[in-house]
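Architecture at a glance
The primary structure of each chain is shown beneath.
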Amino acid sequence: ADITGKPRVVDGDTIWIGETKIRLHGIDAPEMKQTCKTPKGKQSECGVLSKQFLSGLLSNREITCKGDERGRYGRLIAVCFIDWMDINEQIVMEGWALAYRKYSVDYVRAENYAKSMRRGIWKTEFESPWEWRRK
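Residues numbered from 1 in each chain as written. Predicted model: local features only at pLDDT ≥ 70, side-chain atom pairs only at ≥ 80, totals over all residues. Heavy atoms only, no water.

1. Description of the state of the cysteines
Which entries qualify depends on this criterion: In this description, a disulfide is simply a cysteine sulfur pair whose atoms lie within 2.5 Å. In this text, helices come from DSSP runs of H or I with a minimum length of four residues, and strands from runs of E with a minimum of two, each type numbered from the N-terminal end.
Tallied over the full model, the rule gives two disulfides. Sulfur-sulfur distance for the disulfide between Cys65 and Cys80 comes to 2.1 Å. Disulfide Cys65-Cys80: the torsion about the S-S bond is 110 degrees, which places it as right-handed. Residue Cys65 is found in strand 8 (residues 63-70), and its partner Cys80 is found in strand 9 (residues 76-82); the two are separated by 15 residues along the sequence.

Written out as structure tokens, the structure reads:
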């Protein structure tokens, strides 16, 4: 089911379009309360920064999300696009989310690129979001 509209950003990997809550397929962004450690040892609010990156990327633009399955919390699992640009991939390439290998390998190349370029959270010391949630 495709859904198009102006999204409201919840966090770095979750949005709303209208009444539909959407979890971005194949990626996992830091949680809102998650912090990372900068090279100088300071705490950085990487979950907040991830959300801010996504908000800036979408900046009140109309997007289209494509997906036909729902996750365990009832959210639509989707890949979203601005025109031809894969938003999910862009977030990972800029280093504000990781490839969520547990569910997909679609964004592993994008993650490797971000890591090699030290983009986003790759400039910091961090725990993967799934490890952070487990604690």
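2. What about the layout of surface pockets?
Definition in use: In this analysis the probe radius is 1.4 Å and the grid spacing 1 Å, with only protein atoms considered; a cavity is a set of points the probe fits into but cannot get out of, a pocket is an open set with protein on both sides within 12 Å along at least five of seven lines, and lining residues have an atom within 4 Å of a point. Grid points are joined across faces, edges and corners, and a volume is the space filled by probe spheres set on the points. Three residue categories are used. Nonpolar comprises Ala, Val, Leu, Ile, Met, Phe, Trp, Tyr, Cys and Pro, charged comprises Asp, Glu, Lys and Arg, and polar comprises the others, including Gly.
Computed from the structure, the largest pocket encloses a volume of approximately 630 Å³. Surrounding the largest pocket, 27 residues form its lining, Arg23, Arg75, Ile77, Tyr100 and Tyr103 being those nearest its centre. Put simply, the parts of the chain that give the lining of the largest pocket at least two residues each are strand 4 (20-24), strand 5 (27-28), strand 8, strand 9 and helix 4 (129-134). Considering every element that reaches the lining of the largest pocket, the biggest residue donor is strand 8, with four residues. In terms of residue class, the lining of the largest pocket is built from ten nonpolar, five polar and twelve charged.

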